[in-house]
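# Geometric and topological summary
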Amino acid sequence: MEILVLIKQVPDDSVDIQLDPSTNAPKLDGVTPVTNAFDTYALEMATRFKEANGGTITLATIGDDGAVSSIKECLAVGGDKGFLIKDDSFADSDPAAKGYILSKAAAKLEELNGAKFDIIFAGKEATDFSKDLVPAYLAQELGVPVVSDVIAVDPADGGLLVKQETDTGYNMIDVATPCVLAIQKPDYDPRYPTIKNKMKARKAQVPVLTAADLGTEADKVGAAGSLTKTIGMHAPAKKQAGVKIVPPADVENPIAAATAQAVSIMAEAKVL
Amino acid sequence: MAEFGKVTPEIVEAIKAATAPNRVYFGADIIEDFSHDEMTIYGKKMPDVVVDATSTEEVSAVMKIAYDNDIPVTPRGAGTGLVGACVPIYGGIVINTTKMNKIESYDLDNFVVHVQCGVLLNDLAEDCTRQGLMYPPDPGEKFATLGGNVSTNAGGMRAVKYGATRDYVRAMTVVLPTGEITKFGSTVSKTSSGYSLLNLMIGSEGTLGIITELTLKIIPAPQETVSLVIPFEKLSDCIATVPKFKINHLNPQALEFMERAIVDVSERYVGKSVYPKALDGVEAGAYLLVTFDGDSKEELDNIIETASELALENEAIDVLVADTPAKIKDAWAARSSFLEAIKSESNWKDGEELIDECDVVVPLNEIAPYVEYVYQVGDKLGLRVESFGHAGDGNLHIYTIGDDKISLADFKASAEQFFDDIYAEAGRRGGLVSGEHAIGSAKMKYLENSVGATQMKIMQEIKKVFDPKMILNPGKVCYKL
């Protein structure tokens, strides 16, 4: 099986990130760039699939030169080759434009690999903006099926049997290849790289594919090719401090007194 | 047994007047937590009064009242100790220091931070990180107070490179058992100025004075860290690798060993499985978890390559690299949860845990044979035993776990037999009773066996000089009443 795994480099999601009031953009100084957690789940699932069924994993990311470190990280835990998709014209691309860019990238990589991709794995969302849309746009561009919230995948009857997590349980879905799978956190964790693979990945070459290599059309990428535009960013509203209910010290039944106070506060706020 | 004074309503009123009425708890108003620390097996005892102190002056005022009335006083931090040191075994007054939780100021010319004693280790660590600084001591329990850490000379994961709490205490304000306030030490980094009363206070478990304020050394935070998870088939190979890091000029920030069984227990508890169980068909029997720090990725790349070569030459099955914040966090989450995971395994009565522990420290070359001996004794006594430890400094944490098939009395009897044996064996191998959890009321017998009557007598005489009425945290460390 030929597998493409799409990754994105994002700021470390374990850090509380604030907006810079002067630029209204996230303050990212000193925040470690990491591979999007959902993409690491996607790669682990793809690697397990490859180990069980054979195949090759190609990695690709849209990003700047710094994203090469994420590609190399992924080369150490299952990826066989990695590519950086980089072009000034790709700046300000929204998920629809990224779907287009990635569809062109997939075609170019198929040409380079000399084989068509059977499965494209991607994280269900990126932890920076959580838009949750790129896999669907990519599938639309490619004209292939897409399944979201995938937690397991196995080959079946010439296609795939995919387990999709839902709010109430899961669906088992037969899907034809080629397809796009948007991966949710499965019940296992991404592996750690061995030192040997880490050292090998460190020395790996990561070729760059530009707009010219992909043959993207200028009006379909960047702001021009986007269906949406970010007009501003706002920090979430701060939660107001809670109300501490302290019954008077001299009452006979402090629990009843505190409950009465709580009920009256809620009635006043018209939540009761 | 010494005759202590009784806490009368007048004394409670005097304490309220010296502090604030709403911070003094008496009789039924005292919550049960104040009767024990994390190890309930060593006994519980409710105090007569609990005072939430907010300043050195308040601690002093309460201490004076106690001194004038011969009332025992037990200072208390977050109650996360493991040897019963904060249990008021003779009742009296508990001075709760957790409200003294202000990080007062940083002095970056001298690289020190001034804190009140009730600041939590986790709060100081996070505050330092935000400013590119590091307070190196890193005990497993992050929600202990710094006063408690100093009182036990807590060690932790990074002690192998950076030393224990003692190495980071520059000065302290102390309330003596008479109520007098005094200061030990200073911001300066060296001293040859008489007996070090500062160092005598560190690790004295609240028996000589009550530490209320601290000046602690801090350092610039390392720019980069990386952890290695190194599986071995055999514990002996795992431990034998440890000194080789040092000989080869590798200076890990942390170096922990863990056996397969406890990793399985902990991963079950944490709900994550990141340690490889089998590689190339070889089952992992033990792991080293090593962290290196440095100023650049390149520097660390070279270090981890050398460390990995060493490990592989010493029968490591493979070496796994945790070099992203998430991977480092997950690798350490299993290690940091050992105590809670062990507790979760003991489902004694109504979900209560039945565990006992020791934290002996032995010479590095004795770790593997000693651990093997410990398991033999455990097997002989039919006890479930789990162990882990700081491989870099020979400090082992050994636990026995009881279940609902055993009575408390039987468990205590078997545990005592077990610990009598393994403490004695640690002594024969050149070890000491406690690496970092201290003595409290629970480990006095073993301390006496280890250091002998002469040293116990010296400690008792020191205690008397500080505390002539023997009212401060009585029945701990070196003397019983």
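Residues numbered from 1 in each chain as written. Chains lettered and ligands numbered in written order. Predicted model: local features only at pLDDT ≥ 70, side-chain atom pairs only at ≥ 80, totals over all residues. Heavy atoms only, no water.

## Points about the overall build of chain A
For chain A, the helix and strand inventory stands at seven helices and 13 strands. In summary, chain A has a C-alpha radius of gyration of 24 Å against a globular reference of 19 Å for 272 residues, an excess of more than 25%. Classification of the 272 residues of chain A by burial places 41% in the buried group. Taking the contacts inside chain A whose residues are at least 6 apart along the sequence as the reference set, 69% of them involve residues at least 24 apart. For chain A, the exposed surface amounts to about 14800 Å²; the carbon and sulfur share of it is 53%. (Helix = DSSP H or I, 4+ residues; strand = E, 2+ residues; numbered from the N terminus. Rg over C-alpha atoms; globule rule 2.2 N^0.38 Å. Buried < 20%, exposed > 50% of the residue type's maximum accessible area, 1.4 Å probe, protein only. Contact = heavy atoms within 4.5 Å. Areas by Shrake-Rupley, 256 points an atom, 1.4 Å probe, with all protein chains shown as cover.)

## Some remarks on the overall build of chain B
Counting its regular elements, chain B contains 14 helices and 20 strands. What you see for chain B is a C-alpha radius of gyration of 23 Å, in line with the 23 Å of a compact globule of 481 residues. Looking at chain B alone, contacts between residues at least 24 apart form 74% of all its contacts between residues at least 6 apart. Carbon together with sulfur atoms contributes 50% to the accessible area of chain B, which is approximately 19500 Å² in total.

## With respect to the domain arrangement of chain A
The domain boundaries assigned to chain A delineate domain 1 (2-220) and domain 2 (241-272). The distance between the C-alpha centroids of domain 1 of chain A and domain 2 of chain A comes to 52 Å. (Domains from an automatic or database assignment.)

## Notes on the sheet that holds strand 12 (residues 224-232) of chain B
All names here are of chain B. A sheet is described by the order of its strands in space; here seven strands give the open sequence 17-12-16-13-19-20-18, paired in antiparallel fashion. Of all the strands in the sheet, just strand 17 (320-322) and strand 18 (355-358) have a single pairing partner and so form its edges. Between one strand and the next, the sheet's axes are offset by a mean angle of 20 degrees, whatever the strand orientation. When strand 12 meets strand 17, the two strands line up antiparallel, connected through three bridges. Within strand 17, the position partnered with Val229 by the bridge is Leu320. Where helix 10 (residues 325-336) meets the sheet, it contacts strand 12, strand 13 (254-259), strand 16 (286-294), strand 17, strand 19 (384-390) and strand 20 (395-401), and its direction lies at approximately 55 degrees from that of strand 12. (Pairing = 2+ DSSP bridges. Axes fitted to C-alpha atoms, helices over the stretch in contact; angles between N-to-C directions.)

## Some details on the sheet that holds strand 3 (residues 73-76) of chain B
All names here are of chain B. Read across the sheet, four strands follow the order 1-2-4-3 without closing on themselves; strand pairing throughout is mixed. The outermost strands of the open sheet, each flanked by one partner alone, are strand 1 (24-26) and strand 3. Each adjacent strand pair in this sheet contributes to an overall mean axis angle of 20 degrees, direction not counted. As judged from the four bridges shared by strand 3 and strand 4 (residues 93-96), these two strands associate in the parallel manner. Within the sheet, the bridge partner assigned to Thr74 lies in strand 4 and is Val94. Contacts from helix 1 (residues 9-18) reach strand 1, strand 2 (49-52) and strand 4 within the one sheet, and its direction differs from that of strand 1 by about 165 degrees. Packed onto the sheet, helix 2 (residues 56-69) meets strand 2, strand 3 and strand 4 and runs at close to 175 degrees relative to strand 4.

## As for the pattern of salt bridges
In this structure the tally under the stated criterion is 42 salt bridges over all chains. Glu44(A) is the salt-bridge partner of Arg191(A), the closest N and O atoms lying 2.9 Å from each other. With Arg191(A) in the loop between strand 12 (179-183) and helix 5 (195-203) and Glu44(A) in helix 1 (residues 37-53), this pair connects stretches of sequence that are 147 residues apart. Glu44(A) sits in the buried class, given a relative accessible area of 3%. As a salt-bridge pair, Glu345(B) and Arg384(B) come within 2.9 Å of each other at their nearest N and O atoms. (Salt bridge = Lys/Arg side-chain N within 4 Å of Asp/Glu carboxyl O.)

## Topic: the packing of aromatic side chains
All names here are of chain B. This structure, assessed with the given rule, holds 10 aromatic pairs over all chains. Ring centres 5.1 Å apart and planes at 65 degrees place the aromatic pair Phe418 and Phe419 in the edge-to-face group. With a centroid separation of 4.1 Å and an interplanar angle of 25 degrees, the aromatic rings of Tyr423 and Tyr446 are classed as stacked. Here Tyr446 lies in helix 14 (residues 444-466) and Tyr423 lies in helix 13 (residues 408-428), a separation of 23 residues in the sequence. (Phe/Tyr/Trp six-rings, centres within 6.5 Å; stacked < 30°, edge-to-face > 60°.)

## What to know about helix 3 (residues 95-113) of chain A
Residues and elements named next belong to chain A. For helix 3, which comprises 19 residues, the first-to-last C-alpha distance of 26 Å matches the rise-based estimate of 27 Å (1.5 Å per residue) to within 8%. The buried fraction of helix 3 is high, at 14 of 19 residues. Structurally, the start of helix 3 carries an N-cap: the backbone nitrogen of Ala96 is 3.0 Å from a side-chain oxygen of Asp94. (Expected span 1.5 Å × (residues − 1). Polar contact = N/O pair within 3.5 Å; in protein donor to acceptor, adjacent residues only side chain to side chain.)

## Observations concerning the domain arrangement of chain B
Residue and element names in this part refer to chain B. For chain B, the assigned domains read domain 1 (9-98 + 462-466), domain 2 (103-220), domain 3 (224-339) and domain 4 (346-442). Here domain 1 and domain 4 have C-alpha centroids that lie 30 Å from each other. Contact residues are listed per partner, giving nine residues for domain 1 and 14 residues for domain 4. For the pair domain 1 and domain 4, the summed buried area comes to about 970 Å², and 61% of that belongs to carbon and sulfur atoms. (Buried area = accessible area lost by both parts, 1.4 Å probe.)

## A word on the nonpolar core
Among the nonpolar cores identified, the biggest contains 91 residues, and Ile230(B), Phe245(B), Phe257(B), Tyr275(B), Leu288(B), Phe292(B) and Ile398(B) are the most heavily contacted of them. Other than its neighbours up to four places away in sequence, Ile230(B) contacts Phe245(B), Ala286(B), Tyr287(B), Leu288(B), Val290(B), Ala311(B), Ala316(B), Asp318(B) and Val319(B). Core analysis: the second largest hydrophobic core is formed by 35 residues, Ala42(A), Phe49(A), Val77(A) and Ile119(A) among them. (Core = buried A, V, L, I, M, F, W, Y, C linked by side-chain atoms within 4.5 Å.)

## Here we look at the environment of Asp132(A)
Residues and elements named next belong to chain A. Along the chain, Asp132 turns up in the loop between strand 8 (119-123) and helix 4 (134-142). Sequence-wise, Asp132 and Phe49 are 83 residues apart; in three dimensions their C-alpha atoms are separated by 23 Å. The contact partners of Asp132, leaving out residues within four places of it in the chain, are Lys124 and Glu125.

## Re the interface of chain A and chain B
At the junction of the two partners, chain A supplies 14 residues and chain B supplies 20 residues. Carbon and sulfur atoms supply 60% of the area that chain A and chain B bury against each other, a total of about 1500 Å² over both sides. Counting the surface chain A buries against chain B, the share from its top three residues, Asp189(A), Tyr192(A) and Ile195(A), is 47%. For the pair chain A and chain B, the interface holds four salt bridges. Where Asp189(A) meets Lys272(B), a salt bridge forms, and the shortest distance between an N and an O atom there is 2.9 Å.

## Description of the side chain of Glu436(B)
All names here are of chain B. Along the chain, the position of Glu436 falls in the loop between helix 13 and helix 14. Of the polar contacts made by the side chain of Glu436, one reaches the side chain of His390; its length is 2.8 Å. When neighbours within four sequence positions are excluded, Glu436 is seen to be in contact with Thr152, Asn153, Ala154, Gly155, Gly156, Asp359, His390, Asn395 and His397.

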